[in-house]
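# Chain and residue survey
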Amino acid sequence: DCDLMSSTKHALNIIDPFISEGAVFLFDDYFCYGGDPKFGEARAFSDWQTNSKFKAVDWFTYSSHGKAFIMVRKWESVSLFPLIIEHISYQKQYLL
């Protein structure tokens, strides 16, 4: 629960080597700052993805400020993306 841009960036950089495809990221304050993507967790996550080997796939939003993502590899040749999306679609019917 990082809340701020600086602490979110720090946390993402620490966990980066341990992230695997299919990891779920939950940001409970993603839409803070009036939903402006230039601030807070949204900005930190966007900046982090620039140099990451992963990209985020939107999964769902929750509460008034939260957002969930599933991480997939940027390189399609080694991606499990189609299987993950199929799994997400299957699970969405039970989560929402």
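Now for a look at the structure at hand. Given the structure is predicted, the values throughout are model-derived calculations rather than measurements.

### Brief notes about the overall build of the protein
Across its full length, the protein carries 3 helices and 3 strands. Starting at the N terminus, the α and β elements of the protein follow one another as α-β-α-β-β-α. When burial is assessed residue by residue, the protein has 31% of its 96 residues classed as buried. A fraction of 56% describes how many contacts in the protein between residues 6 or more apart in sequence connect residues 24 or more apart.

### Here we look at the nonpolar core
Listed in full, the 11 residues of the largest apolar core are Leu12, Ile19, Phe25, Phe27, Tyr30, Ala42, Phe45, Trp48, Phe54, Phe69 and Met71. For this core, the leading source of residues is helix 2 (residues 40–51), giving 3 residues. Setting aside its immediate chain neighbours within four residues, Trp48 contacts Leu12, Asn13, Asp16, Ile19, Phe25 and Met71.

### Quick look at the packing of aromatic side chains
Following the criterion strictly, the structure yields 13 aromatic pairs and no others. Judged by centre distance (6.1 Å) and plane angle (70°), the ring pair of Phe27 and Phe69 falls under edge-to-face. Linking Phe27 in strand 1 (residues 24–27) with Phe69 in strand 3 (residues 66–73), this pair joins segments that are 42 residues apart in sequence. Of the aromatic side chains, those joined through ring pairs into one cluster are Phe25, Phe27, Tyr30, Phe31, Phe45, Trp48 and Phe69.

Each value, and the rule that gives it
Residues numbered from 1 in each chain as written. Predicted model: local features only at pLDDT ≥ 70, side-chain atom pairs only at ≥ 80, totals over all residues. Heavy atoms only, no water. Helix = DSSP H or I, 4+ residues; strand = E, 2+ residues; numbered from the N terminus. Buried < 20%, exposed > 50% of the residue type's maximum accessible area, 1.4 Å probe, protein only. Contact = heavy atoms within 4.5 Å. Core = buried A, V, L, I, M, F, W, Y, C linked by side-chain atoms within 4.5 Å. Phe/Tyr/Trp six-rings, centres within 6.5 Å; stacked < 30°, edge-to-face > 60°.

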